[in-house]
Amino acid sequence: MKKSGSSTTIVKKFSALVVDDDLVIQRIHKMYLNRFGFETQVVGNGKEAVDLYRSGAFFHLVLMDMEMPVMDGPKATRELRGMGVNSMIVGVTSQDGDSEKQAFMGAGLDDCYMKPLTADTITSLLQQLNMKYR
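Residues numbered from 1 in each chain as written. Predicted model: local features only at pLDDT ≥ 70, side-chain atom pairs only at ≥ 80, totals over all residues. Heavy atoms only, no water.

Draft legend 1. Layout of the overall build of the chain. The helix and strand tally for the chain stands at five helices and seven strands. When the elements of the chain are put in sequence order from the N terminus, they spell out β-β-β-α-β-α-β-α-β-α-β-α. Counting only C-alpha atoms and orienting by the principal axes, one finds that the chain spans roughly 50 × 30 × 25 Å. Of all intrachain contacts in the chain linking residues separated by at least 6 positions in sequence, the fraction that spans at least 24 positions is 63%. Only carbon and sulfur atoms are counted for the fraction: they give 51% of the accessible area of the chain, which is about 7,100 Å². (Helix = DSSP H or I, 4+ residues; strand = E, 2+ residues; numbered from the N terminus. Contact = heavy atoms within 4.5 Å. Areas by Shrake-Rupley, 256 points an atom, 1.4 Å probe, with all protein chains shown as cover.)

Put into structure tokens, the structure is as follows:
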């Protein structure tokens with residue numbers, strides 16, 4: 001809890017899961033998320049993300065890559081939603097075609113962005129999380 005003047009505000013600590021097979025993107029996204037105060041974990045494919053949730057893990061935000069080995073982003077997103085996961089799942093992709101993004105969104109994403117994410121995008125996601133988890 002942080003006191004500012006006469007008002008007291010509660011500062012939330014959000015957790016994030018980066019799901020991407022690209023090591024450079026993993027590092028960039030983890031760096032940004034950590035800079036914004038997220039507790040961040042990284043996995044390399046969708047199956048690892050699903051397995052984490054099955055083992056009882058919870059994350060406020062999941063950054064899900066679209067194309068990965070073992071289990072891709074759309075399949076992992078469908079599985080997570082099918083398990084009742086209500087975390088904010090945001091797709092990240094290098095594909096700029098509308099049809100690919102729409103198909104990915106149809107799997108149950110909350111939003112989808114081109115990668116790598118920017119500080120402005122992370123700021124926007126943080127504001128959305130603050131609204132969702134008031």
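Let us keep going from here.
Draft legend 2. A look at the pattern of salt bridges. Counted according to the given criterion, the structure contains six salt bridges. A salt bridge links D20 to K115, with the nearest nitrogen and oxygen atoms 3.1 Å apart. Of this pair, D20 sits in the loop between β3 (15-19) and α1 (23-35) while K115 sits in the loop between β7 (111-114) and α5 (119-132), and the two are 95 residues apart along the sequence. The exposure class of K115 is buried, given its relative accessible area of 18%. The residue E79 makes a salt bridge to K75 at a minimum N-O spacing of 3.8 Å. Within this pair, E79 and its partner K75 are both found in helix α3 (residues 73-82), separated by four residues, close to a single helical turn. (Salt bridge = Lys/Arg side-chain N within 4 Å of Asp/Glu carboxyl O. Buried < 20%, exposed > 50% of the residue type's maximum accessible area, 1.4 Å probe, protein only.)

Draft legend 3. Representation of the side chain of K115 in the model. A distance of 3.1 Å separates a polar atom in the side chain of K115 from a polar atom in the side chain of D20. Among the polar contacts made by the side chain of K115, one reaches the side chain of D65 at a distance of 3.0 Å. What K115 contacts, discounting residues up to four positions off in sequence, is D20, I25, H29, D65, V92, T93 and S94. (Polar contact = N/O pair within 3.5 Å; in protein donor to acceptor, adjacent residues only side chain to side chain.)

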